[in-house]
Amino acid sequence: NAGVTQTPKFQVLKTGQSMTLQCAQDMNHEYMSWYRQDPGMGLRLIHYSVGAGITDQGEVPNGYNVSRSTTEDFPLRLLSAAPSQTSVYFCASSPDRARSPLHFGNGTRLTVT
Amino acid sequence: AQSVTQPDIHITVSEGASLELRCNYSYGATPYLFWYVQSPGQGLQLLLKYFSGDTLVQGIKGFEAEFKRSQSSFNLRKPSVHWSDAAEYFCAAGGYQKVTFGTGTKLQVIP
């Protein structure tokens, strides 16, 4: 049972480039979410989804897009990378929205130069 | 707006000493409360959770937490810290659709 899988583990982008962070889970969880972790700021919610075809914004959505075409996958797209998006990104899922513990991936460390 | 506050950024304890990490929340109603631990370079792992009922909850690795409604607090405790407990600890509160995290407390354990 792989749980939540994030790829890539590391990525370096130049300002203005775009990319997609991949997240897949094999637990049939309806709820998936993306967080960014910055020193001293904890984890901040970027976007979340309560099921296939349904997404909504979190606390810091600007500069990011998501889609949820299947239960398993929840990719995060950076449209035009900026240095302020340098961070560690975590994908998480749960079986019962925000009422159940989140299962986390191991993160993607993104550097934008 | 909902918020979670962890007032201690960094705590240092001696191995074998007791530990208490503080967490306060601000929510419209009693939220679902969680403590997570993060080792360097890893994702977050659940230590324990509180939904309702008994206000003292037991978790993994010998941790426990006490929910106090009157103080809007959910402090994490451990009677005797081990060197392997050195990590960053996050308190989190869940409402209907969103989970809000505190800023974390980094625990250092000295021999």
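Anything mentioned here points back to the structure above.
Residues numbered from 1 in each chain as written. Chains lettered and ligands numbered in written order. Predicted model: local features only at pLDDT ≥ 70, side-chain atom pairs only at ≥ 80, totals over all residues. Heavy atoms only, no water.

With respect to the overall build of chain B
Then, number 1: Helix and strand content of chain B: zero helices and 12 strands.
Then, number 2: Beginning at the N terminus, the succession of helices and strands in chain B can be written as β-β-β-β-β-β-β-β-β-β-β-β.
Then, number 3: Relative to the globule expectation of 13 Å for 111 residues, the C-alpha radius of gyration of chain B, 13 Å, shows essentially globular dimensions.
Then, number 4: Out of the 111 residues in chain B, the part that is buried amounts to 46%.
Then, number 5: Counting contacts in chain B only where the partners sit at least 6 residues apart, residues at least 24 apart contribute 53% of the total.
Then, number 6: Here chain B has roughly 5400 Å² of accessible surface; of this, 49% comes from carbon and sulfur atoms. (Helix = DSSP H or I, 4+ residues; strand = E, 2+ residues; numbered from the N terminus. Rg over C-alpha atoms; globule rule 2.2 N^0.38 Å. Buried < 20%, exposed > 50% of the residue type's maximum accessible area, 1.4 Å probe, protein only. Contact = heavy atoms within 4.5 Å. Areas by Shrake-Rupley, 256 points an atom, 1.4 Å probe, with all protein chains shown as cover.)

Some points on the sheet that holds strand β3 (residues 19-25) of chain A
Within a sheet, each strand pairs with its neighbour through backbone hydrogen bonds, oriented either parallel or antiparallel.
Residue and element names in this part refer to chain A.
Then, number 1: Pairing is antiparallel across the open sheet formed by four strands, whose spatial order is β1-β3-β8-β7. Only two strands of the sheet have a single neighbouring strand rather than two, namely β1 (4-7) and β7 (64-66). With direction set aside, neighbouring strand axes in the sheet form an average angle of 20 degrees.
Then, number 2: As paired strands, β3 and strand β8 (residues 76-78) are joined by three bridges and run antiparallel to one another. (Pairing = 2+ DSSP bridges. Axes fitted to C-alpha atoms, helices over the stretch in contact; angles between N-to-C directions.)

Considerations on the interface of chain A and chain B
Then, number 1: Between chain A and chain B, the contact holds 21 residues from the first and 22 residues from the second.
Then, number 2: Between chain A and chain B, the buried area comes to about 1800 Å², and carbon and sulfur atoms account for 57% of it.
Then, number 3: Broken down residue by residue, the surface that chain A buries against chain B is led by A:Ala98, A:Arg99 and A:Pro101, which jointly contribute 30%.
Then, number 4: Taken together, the connections running from chain A to chain B amount to zero salt bridges.
Then, number 5: The tally of links from chain A across to chain B stands at five residue pairs in polar contact (both at pLDDT 80 or more).
Then, number 6: Mapped by element, the contributors of at least two residues to the side of chain A that touches chain B are β4 (31-38) and β5 (42-51) of chain A.
Then, number 7: No other element matches β5(A), which puts five residues into the side of chain A that touches chain B.
Then, number 8: Tallied by class, residues from the side of chain A that touches chain B come to 12 nonpolar, seven polar and two charged. (Buried area = accessible area lost by both parts, 1.4 Å probe. Salt bridge = Lys/Arg side-chain N within 4 Å of Asp/Glu carboxyl O. Polar contact = N/O pair within 3.5 Å; in protein donor to acceptor, adjacent residues only side chain to side chain. Nonpolar A, V, L, I, M, F, W, Y, C, P; charged D, E, K, R; others polar.)

Considerations on the nonpolar core
A general tendency of soluble globular proteins is for nonpolar side chains to be buried together.
Residue and element names in this part refer to chain B.
Then, number 1: Counting residues in each nonpolar core, the largest one holds 27 residues, and the members touching the most others are Leu 19, Trp 35, Leu 47, Leu 48, Phe 74, Leu 76 and Tyr 89.
Then, number 2: Going through the elements one at a time, β2 (10-14), β3 (19-21), β5 (32-38), β6 (44-50), β8 (64-68), β9 (73-78), β10 (87-94) and β12 (105-110) are the ones with two or more residues in this core.
Then, number 3: Here this core gets four residues from one element, more than from any other, and that element is β10.
Then, number 4: With sequence-adjacent residues up to four places away left out, Leu 19 is seen in contact with Ile 11, Val 13, Phe 63, Leu 76, Arg 77, Lys 78, Val 81 and Leu 107. (Core = buried A, V, L, I, M, F, W, Y, C linked by side-chain atoms within 4.5 Å.)

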